[in-house]
Structures are given as structure tokens and as C-alpha cells.
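A look at the structure
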Amino acid sequence: MSRILYGVLAVPVLGLAAAAGYWFAMSREHAPPPAAPAAERTPERKVLYWYDPMYPQQRFDKPGKSPFMDMMLVPKYADAGGDESGVSISPRVVQNLGVRTAEERPGSLAPKLGAVGNVEYNERAVVLVQARTAGFVEKLHVRAPLDPVREGQPLVEILFPDWAAAQAEYLALKRLTGADVEPLQRAARERMLLAGMTEAQIAAVEREGSVQARTTLRAPVSGVIAELGAREGMTVAAGTTLFRIAGLGTVWIVAEVPESQAGMLVPGVTVEAHVPTYPEEVFKGRVSAILPEVNAATRTLRARIEVANPAGKLKPGMYATLALSGRGREALLVPAEAVIRTGARSVVILAAGEGNFRAVDVEVGAESGGDAEIRKGLKAGDRVVVSGQFLIDSEASLRTTLARLEGAGAGAAGNTATAGNTAAAGNTSMPVHQAEGVLVSGNDKFLLIKHGPIPSARMGGMTMEFAAPKSGLPAGVKAGDRIRFEFTMKDGEFQATKVEPLR
């Protein structure tokens, strides 16, 4: 009886326990989650508009797929900051499509100058052989101009009567003895020196004890006979130039340097010379002097360049092309390919970080070795775009590009899927670009083409849409075929003008 009573009472108790457990579980399930600490909350960023990084001038008020490229639209946040004159590109897109940047750096810029010139004798190595006194030429050992000679080689034998008389007098006094004779002997020896005899020739007279009337003149240096003034049998007076010998160990190249570039040259800078006779050989020298005279007809200055010529390959009269190193100076440098020249000014695209870019006017100085000197507009450490500028603007017109980057050509905001913007005033020229690719899909209105880099349009490889040619897709061309196509660009719209299969 008691067991039955306990069982009857247990049923209601278990029911109440089950109901309480169910109520507790449901209340836990539907209760709001606990508030996160203030430090862990992330404020929601406000989106101003969406845009295609390839066409930053076109804005959309809803997310979605770009009507221009095979990619999703990117949001522009209110707190992104940045200059209104810049554009923003997704860092992922920048990395995938190969935008390269370089940092402006301090360095030394030594511009290379080009010039032409002619090989000439080194006038500092020219030696004259003259007659010291009147005489008669009896025998020539060198008979023609431009004959090569070696140092110490016999040139000519000459009879000097004055030398013979002075030697005879000296030998006669040498035979005498006495205290009064010694001053006369010294005077006679001095007379031979004044007549032009050398100490070695006087010593030979003393050694032989006889008159040496005929004398052999020898080459004082090695070189060539640049001038020959002696002939056998002729009479020569004192001071007559018998030979003019030019050394060829070093030669001069007299270069014509444009007056506008002459200020970059200083004596001592290095030079590399090339001559047509030896096209693969480089002759190294240095600027020894810049002549203080300007050619009024050609507006050039002459620079005298001294070049070593140990093998004698360089001959006077040869034509030479020269590469001269200008005066080096410290400067801020960027790669020359980063500079965009519009004609009126020079611009670089500055990478501001986090996918932001803007155009900056710069003052460009000299260029050399692929580097350009930036005099004004940037500071050390700034990064500039070197390649991939098509991501910032894919249009061919540089004028439209710069105007849009500076905020002068911003596209109208709104939800639109068209690529049409008004072309810049006066920009009526649309170059035609050629490329090859694979037709992904297509109809009579649009073509989706996967192509490689197109240098003429400054575009990298990608898959993108083109408006179909007016004549439509050619018969026989289907998806997956390799094609060759031509297209134009205008205000962000790509118009295919010709499509043909690639066999």
C-alpha cells in the first residue's frame, strides 16, 4: 500500500521537474548574448560607394560584379582618408597584376655624355732634332716622313766645320804644358760646348785624340717622323729643324662637345673611345684639358682627351666616338621609367600606401644609367610607381589620366552599369591596340576574352569584357578558340573593332 502511494506521488513530482528543466533550457536558448567588452567592439565602417579598381572614376551605390572586368566591386570607406587627387586600388589586385614601385633614394648621378672626335698627335710628346751649328748633310738613315724610329736609332750624319776647328784648337792646347796653358784649355773646351757639342762627344774627342768632324745624330725618343727637313748634300744653318719626331705611346682625341653639356665636364674625368677600325676594342683615357674656345658654327667646345696607345693602334686622323662621364653630384634619384612627361610638365605616381596612389608634379634634372634626378616634388623615402600604371588609368590619353587623378574628371555617382564617360575635351584620337587571347564567351554584343599583357595599352594579362564589333562575332569563332583582336579605349569603354581566329 505504501509503495503504491509513493508511486502515485512521484509521477507529479517528476513532471514538474521536467517542465522546470524545459523552461530553463528554452530561456537560455533565446536569451540575448552577453554584451562584448567595449575594447572588443568593432565599429561598422561607412561605405561611401563601390568601384572597380580598373575604372576608379566610375562609382556604384551597390556591391556586385564589375560590368567592365571579371572581378567584384571594391568598397570605398568614409574613414579611408587619402587625397581627393588620388585613386585607391585593392592591395590584392596590385599584387596580382604586378604593380612595381621603387623608393626614391639619395645617390650620385654622373651623366654619360656622347661626343665624336679625331685622333691627333700628343703635342707634349713631340721632339725636334735641330742643327746646333752650320754644317753639311752627308748621309741620311731615315729618308721618308712617317717612318717609324726607335730611341737611339741613327738619323743623319753631318759634317760640322765649326766643330772641327774647335776640336783641333782644344787638342793642340792639350799637348802644351805650363801654368799659363790650363786656362786656355778650359776656354777651348767651353768653346766646344757653346758650339753645340755634348759632354759625351767631347769625351770621345779626348779619348780618341783626333778631330771628330762628322757627327751622327740619333733619335731621342721612339715614334714616327712627323716632319723631315733634311736631304743628303744640303747645307744646314744653325737652328734648322732636321726632324720632328712624334711619340705614339699616348695620343690625343680632340672631341667636339655641345656647348649645353660642356658645363658637366671637368679635367680628369674618364673617357671610353671606340674607333671603326677596332669596333670591339675600348680605349680608355681621361680629359686633360677643355679648350677655352667655342666654335661659333657648331656651338661646340673642344675637349682634349689623352689616351694610352701602347700598341700603336690609334693613328692620327682616325675618327672616334666617345662616352664621357660627366661631373658627378649627389641627388635624389628615381628610376627614369617612373617619370611621365606630358610636354608641359613631369609627373610621377606616388604610392601612398594601402593601395592609394596620387599624381605628383616633379622637377626632373639630369638622367643617367636608368636613373632620373628629382630636384623638387618628392622627398627621400617616397615610393613611386615604376610599372603597372595601367591599373591607375587604363586609358591611352595621358592628359585625361592626369586630369582624373587630380580630381578634375571625377565620374558621376549613381547606380549604373554602363562604361560610358565623356572623353576629355580635344581627345579625339583613339589608337588601335592589337592583342591575342582566348575567347571565353561571346555574342553579338559583348565578348569575354582572356588575354596576356598588352604593352601598347599598358595592361597586364587578365580576363575582361569588350564590346563586340559592329559586324558581330565572325562565323566559325566559338568559345575556347584562340583569337587575334583589335580594340580601342575611350573613357573606360573597350570596343573590339576586329576579331579573327588565330590559326
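Structure: above.
Read on for a plain summary of the structure. (Residues numbered from 1 in each chain as written. Predicted model: local features only at pLDDT ≥ 70, side-chain atom pairs only at ≥ 80, totals over all residues. Heavy atoms only, no water.)

A closer look at the packing of aromatic side chains
This model, assessed by the stated rule, comprises seven aromatic pairs. An angle of 65 degrees between the planes, with centres 6.4 Å apart, marks the rings of tyrosine 278 and phenylalanine 283 as edge-to-face. Where phenylalanine 466 meets phenylalanine 487, the ring centres are 5.2 Å apart and the plane angle is 65 degrees; that geometry is what we call edge-to-face. Of this pair, phenylalanine 466 sits in strand E29 (residues 462-467) while phenylalanine 487 sits in strand E30 (residues 482-490), and the two are 21 residues apart along the sequence. Comparing phenylalanine 466 with phenylalanine 487 shows no difference in burial state: the two are buried. Through pairs of rings, three or more aromatic residues link up here, namely Phe466, Phe485, Phe487 and Phe494. Lying over the aromatic face of tyrosine 278, lysine 313 brings its terminal NZ or CZ to 5.2 Å of the ring centre. (Phe/Tyr/Trp six-rings, centres within 6.5 Å; stacked < 30°, edge-to-face > 60°. Helix = DSSP H or I, 4+ residues; strand = E, 2+ residues; numbered from the N terminus. Buried < 20%, exposed > 50% of the residue type's maximum accessible area, 1.4 Å probe, protein only. Lys NZ or Arg CZ within 6 Å of the ring centre and 35° of its normal.)

Observations concerning the nonpolar core
By size, the foremost hydrophobic cluster in this structure holds 30 residues, and its most contacted members are Leu155, Val156, Leu242, Phe243 and Ile245. Contributions of two or more residues to this core are made by strand E9 (135-140), strand E11 (154-159), helix H3 (161-175), helix H4 (181-194), helix H5 (199-208), strand E13 (223-228) and strand E15 (241-246). Of the residues forming this core, the biggest block, five residues, is contributed by H3. For isoleucine 245, the residues in contact, after removing those within four places along its chain, are Ala125, Val126, Val127, Val129, Val149, Leu155, Ala219, Pro220, Val221, Gly223, Val224 and Ile225. Listed in part, the 26 residues of the second largest apolar core include Leu248, Val287, Leu314 and Leu324. (Core = buried A, V, L, I, M, F, W, Y, C linked by side-chain atoms within 4.5 Å. Contact = heavy atoms within 4.5 Å.)

Quick word on the pattern of salt bridges
By the definition in use, this model includes 16 salt bridges. Glutamate 199 is the salt-bridge partner of arginine 189, the closest N and O atoms lying 2.9 Å from each other. Linking arginine 189 in helix H4 with glutamate 199 in helix H5, this pair joins segments that are ten residues apart in sequence. Beyond isolated ion pairs, a larger network of salt bridges with shared partners links Glu436, Arg482, Arg484 and Glu500. (Salt bridge = Lys/Arg side-chain N within 4 Å of Asp/Glu carboxyl O.)

Some details on the sheet that holds E9
Two modes of strand pairing occur in sheets, parallel and antiparallel, and in both the strands are linked by backbone hydrogen bonds. Spatially, E12-E11-E9-E14 is the arrangement adopted by the four strands of the open sheet, whose pairing is antiparallel. Because the sheet does not close on itself, it has two edges, and the strands there are strand E12 (214-218) and strand E14 (235-236). Across two bridges, the pairing between E9 and E14 is antiparallel. Opposite phenylalanine 136, over in E14, you have threonine 235 as the bridge partner. (Pairing = 2+ DSSP bridges.)

Re the side chain of threonine 488
Within the secondary structure, threonine 488 sits in strand E30. Threonine 488 has contacts with Met430, Pro431, Val432, Glu493, Phe494, Gln495 and Thr497, leaving out every residue within four places of it along the chain.

Read these as geometric descriptors, not functional statements.
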